[in-house]
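Per-entry structural report
One-letter residues, chain by chain:
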Amino acid sequence: MRGTLWRMWSAAALVGGMLSGLPAVALAQDAPDDDKSSAPDMHALASRFNATRVKKDYSYIHRPPGDKVVEQPDIDRLMFWTKDGQPDGYAQRRGDSVIYYNPGGQAVRVQRLAPGEGD
């Protein structure tokens, strides 16, 4: 009898816990808007706080002339901004390649790195 009561109480607590967490999970997930593109937003990407300040050498990455460069070394990314403050794309290292993205988040160029380059 005691074992059966314990199993029923455990099952009720488990179901109650799952149901109480359901609205929080449902509210946390936003419904996708058809008006918004699924590409990453340059302003949202730039607002990430780099918890660890790391200095890396990005001399192997091509920089658009006249652009301001914002380094994000924790995720191997350089963000490019025009002189008037508009996003101009970003470059991110992935393995032995550097992928260049336009301001809309679409990949526009891939630079293959030679062995030892960018280490």
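The structure reproduced in this document is the subject of the present report. Every chain's residues receive numbers from 1 upward, in the order its sequence appears when written. Given that this is a predicted model, residues contribute local features only at a pLDDT of at least 70 and side-chain atom pairs are listed and counted only at 80 or more, while totals for whole chains, interfaces and linings are drawn from all residues. In computing side-chain properties, one takes all heavy atoms of the structure into account and sets aside hydrogens as well as water.

1. Points about the overall build of the protein chain
To keep things clear, this is the line we draw: Segments assigned H or I by DSSP are reported as helices when at least four residues long, segments assigned E as strands when at least two residues long, and all are numbered from the N terminus. Here the term buried applies to any residue with accessible area under 20% of the maximum for its type, exposed to any over 50%, and partly exposed to those in between, with areas from a 1.4 Å probe on protein chains only. Working rule for contacts: check all heavy atoms of both residues, and any pair within 4.5 Å makes them a contact.
Each helix and strand in the protein chain was counted, giving two helices and five strands. Counting from the amino terminus, the protein chain carries its helices and strands in the arrangement α-α-β-β-β-β-β. Counting every position in the protein chain, which comprises 119 residues, the buried fraction comes to 23%. Excluding contacts between residues fewer than 6 apart, the proportion of contacts in the protein chain whose partners are at least 24 apart in sequence is 31%.

2. Re the pairing of strand 3 (residues 87-94)
Here is the rule: Two strands pair if DSSP finds at least two bridges between them.
With four bridges joining them, strand 2 (residues 77-81) and strand 3 adopt antiparallel strand pairing. Its bridge partner being in strand 3, M79 is matched across the sheet by Y90. Connecting strand 2 to the next strand, strand 3, in antiparallel fashion are five residues, including G85 with a positive phi near 90 degrees. By the bridge criterion, five bridges tie strand 3 to strand 4 (residues 97-101) in an arrangement that is antiparallel. Opposite R93, over in strand 4, you have V98 as the bridge partner.

3. Quick notes on unusual backbone geometry
Glycine aside, residues mostly have negative phi angles, and peptide bonds mostly take the trans form. One non-glycine residue, D76, lies in positive phi territory at about 50 degrees. Inspection of the secondary structure puts D76 in the loop between strand 1 (68-72) and strand 2.

4. Overview of the side chain of R93
Selection criterion: We define a polar contact as two N or O atoms separated by no more than 3.5 Å, with the added condition that, inside protein, one atom must be a possible hydrogen donor and the other a possible acceptor, whereas residues neighbouring each other in sequence contribute only through side-chain atom pairs.
Relative to the assigned elements, R93 resides in strand 3. Here the side chain of R93 touches G95 through a polar contact of 3.0 Å, landing on its backbone oxygen.

5. Here's the deal with the sheet that holds strand 1
Strand pairing in a sheet relies on backbone hydrogen bonds, with the paired strands running either antiparallel or parallel. The line we're drawing: Between N-to-C directions, angles cover 0 to 180 degrees, with each direction set by a line fitted to C-alpha atoms, over the stretch in contact for helices.
The five strands lie next to each other as 1-2-3-4-5, forming an open sheet whose pairing is antiparallel. Two strands in the sheet have a free side with no partner beyond their single neighbour: strand 1 and strand 5 (107-112). Across the sheet, the mean angle from the axis of one strand to that of its neighbour is 20 degrees, orientation sign disregarded.

6. With respect to the packing of aromatic side chains
Working definition: an aromatic ring pair is given by the centre-to-centre distance plus the angle between the planes. For the record, the criterion: The pairing test for Phe, Tyr and Trp rings, Trp by its six-membered ring, is centres within 6.5 Å, and the orientation test on the planes gives stacked under 30 degrees, edge-to-face over 60, and tilted for anything in between. We call a charge positioned above a ring when the Lys NZ or Arg CZ atom is no farther than 6 Å from the ring centre and deviates by at most 35 degrees from the ring normal.
Scanning the model with the defined rule gives two aromatic pairs in all. When the ring of Y58 is compared with that of Y60, the centres are 6.4 Å apart and the planes differ by 50 degrees; the resulting orientation is tilted. For the pair Y58 and Y60, one class covers both residues: buried. Ring geometry for Y90 versus Y101: centroids 4.6 Å apart, planes at 20 degrees, classification stacked. Of this pair, Y90 sits in strand 3 while Y101 sits in strand 4, and the two are 11 residues apart along the sequence. Judged by relative accessible area, Y101 falls into the buried class, the value being 14%. Looking at R77, its charged tip hangs above the ring of Y90, at a distance of 5.3 Å from the centre. One residue, R109, lies across the ring of Y100, its end atom 4.2 Å from the ring centre.

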